[in-house]
Each structure stands twice: as C-alpha cells, then as structure tokens.
Amino acid sequence: MTRLPVANAARTPIVCIVDDDASIREALSSLFRSVGLTVAAFGSAADFLTRENADAPGCLVLDVRLPGVSGLDFQTQLLAMENPLPIVFMTGYGDIPMSVRAMKAGALDFLAKPFRDQDMLDAVTNAIKRDAAGRRDADALQTLRQAYASLTPREREVMGHVTTGLMNKQVGALLGLSEITVKIHRGNVMRKMAARSLAELVKMSEALGAHTSV
C-alpha cells in the first residue's frame, strides 16, 4: 500500500495527482509544493487506489485520458465507492460533452491543457475549501450522533416532542408523565446535547433527522 506524505498536526491540505505523463506529474507537484501544499502523485488510477487515506482536506487532480480506465470512468468508480474527494479534471482535448459529463457527476473544475498555473491553483484551492467544509460538517454530524446516542429512550422521546414545539405539560400528557418529570428529562437532553437553547436543539434535531418516531 502506498503511503501518502504525512500531513502535520494542523492537517496540511494534500493534493493527489493522477496522470500517466511523468513530466506533468512533476510539473504539478512542483507547482503545488511552491504554495505549501503536500503532494502525492500517481501514474494510474490503480496506483491511486492503493494509497492510504490521509486525515486531511484535499483534492484529486485527474487526467481525463488514462491508460486502462479513463478519468471519467474512474470518477464514476470513486462515486460508487463513496469517495468524497473533490476532483479537478485536466485534458488535452477540448471536449465539451466530456466536460459537461464530468461536472454533472460532481467535478469541481475542468481545465484544458495547456492551462495557466494560476488557473490550476485557483481550482485546487476551491476544491480544498470544499473538502475542508465537508469534513467539518461530517465531524459536526458525528459529534451530534454521539451525543444523541447517549440519550436514554425516554430522553429521545422527550426531545422528539419538544422540538416539534410542544410544551412540557403537553409532552407529559402524551407520554403519561408529570410535567416536572418531563422538565427533568428535557434538562438532561439539553445538557447531553450541549444545546444552549430550544432553537439550537431544534436545529440539531433537524440535522439528525430525529423525530418522535426515532
């Protein structure tokens, strides 16, 4: 298994390059390193798949025409594998239908060779920002799920009801509990979910898809 360069504690962004042309790989690697990015270059899609996943934001700079599987087919393969790494395509051919297909499948940019260094840097910067935001959202959702998992079944019931706008007394009537007991459960929910207000708890519930049926 190919080891990717290790990012530092600040999770330095990493750019993966897949191109069968060694001169292109070297030129892009030099360009990206010149702006402080970590780089991993591969000569084929198969080589890329042997890499270790890096716990850092990044993107994939992918040539459309590769030996064996094409860049577009590889994009489809990555989507099927639920690999969320943003893709910046590059091609030596001005194929508009090809670029449309790539963008519809989620590619962030499609650059025709020869491209300006700044255009590539801009595309990669945008892709890394997108990936970093996605990772933050995923981390936040995972934290929410862990907090929700810590709730007791009764606390989940109470959370489901209060986030639909019901008062403690109404929740108590539905669940056969006293108002004070509902208040205690509600307080536990707020503490475990680290919610500072009911409005914040409602947003958490929406993010989780947590309702009374959960």
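What you are looking at is a predicted structure, and each value in this text was computed from that prediction instead of being measured.

Section: the sheet that holds strand S3 (residues 58-63)
Part 1 of the reasoning: Strand order in the open sheet formed by five strands is S2-S1-S3-S4-S5, with parallel pairing between adjacent strands. Edge positions in the open sheet fall to strand S2 (38-42) and strand S5 (109-112), since each of these has one partner strand only. Strand-to-strand twist across the sheet, computed as the mean angle between neighbouring axes with direction ignored, equals 20 degrees.
Part 2 of the reasoning: As paired strands, S3 and strand S4 (residues 87-91) are joined by four bridges and run parallel to one another. Note on S4: the bridge partner recorded for Leu60 is Ile87.
Part 3 of the reasoning: Together, strand S1 (14-18), S2, S3 and S4 form the strand contacts of helix H1 (residues 22-34), whose direction differs from that of S2 by roughly 170 degrees.

A closer look at the pattern of salt bridges
Part 1 of the reasoning: For the structure shown, the criterion picks out seven salt bridges.
Part 2 of the reasoning: For the salt bridge of Arg154 with Glu157, the shortest nitrogen-to-oxygen distance reads 2.8 Å. One end of the pair is Arg154 and the other is Glu157, both in helix H6 (residues 153-162) and three residues apart, which spans about a single turn.
Part 3 of the reasoning: Judged by relative accessible area, which is 30%, Arg154 ranks as partly exposed.
Part 4 of the reasoning: When the shortest N-O distance is used, the salt bridge between Glu155 and Lys192 registers 2.9 Å. One end of the pair, Glu155, is in helix H6; the other, Lys192, is in helix H8 (residues 179-192), and 37 residues separate them in sequence.
Part 5 of the reasoning: With relative accessibility at 25%, the residue Lys192 sits in the partly exposed group.

Points about the packing of H6 against helix H7 (residues 168-175)
Part 1 of the reasoning: Following both chains from N to C, one finds H6 and H7 inclined at 130 degrees, their axes separated by 10 Å at the closest point. For the element pair H6 / H7, the angle class is oblique. Crossing hand, H6 versus H7: right-handed. Listed contacts from H7 to Arg154, Glu157, Val158, His161 and Val162 of H6 are Asn168, Val171, Leu174 and Leu175.
Part 2 of the reasoning: Split by residue class, the contact of H6 with H7 holds five nonpolar, two polar and two charged.

Reading guide: rules and limits
- Residues numbered from 1 in each chain as written.
- Predicted model: local features only at pLDDT ≥ 70, side-chain atom pairs only at ≥ 80, totals over all residues.
- Heavy atoms only, no water.
- Pairing = 2+ DSSP bridges.
- Helix = DSSP H or I, 4+ residues; strand = E, 2+ residues; numbered from the N terminus.
- Axes fitted to C-alpha atoms, helices over the stretch in contact; angles between N-to-C directions.
- Contact = heavy atoms within 4.5 Å.
- Salt bridge = Lys/Arg side-chain N within 4 Å of Asp/Glu carboxyl O.
- Buried < 20%, exposed > 50% of the residue type's maximum accessible area, 1.4 Å probe, protein only.
- Parallel < 35°, antiparallel > 145°, perpendicular 65-115°, else oblique.
- Left-handed = near helix turned anticlockwise from the far one by under 90°.
- Nonpolar A, V, L, I, M, F, W, Y, C, P; charged D, E, K, R; others polar.

As far as function goes, none of this settles anything; it's purely spatial.
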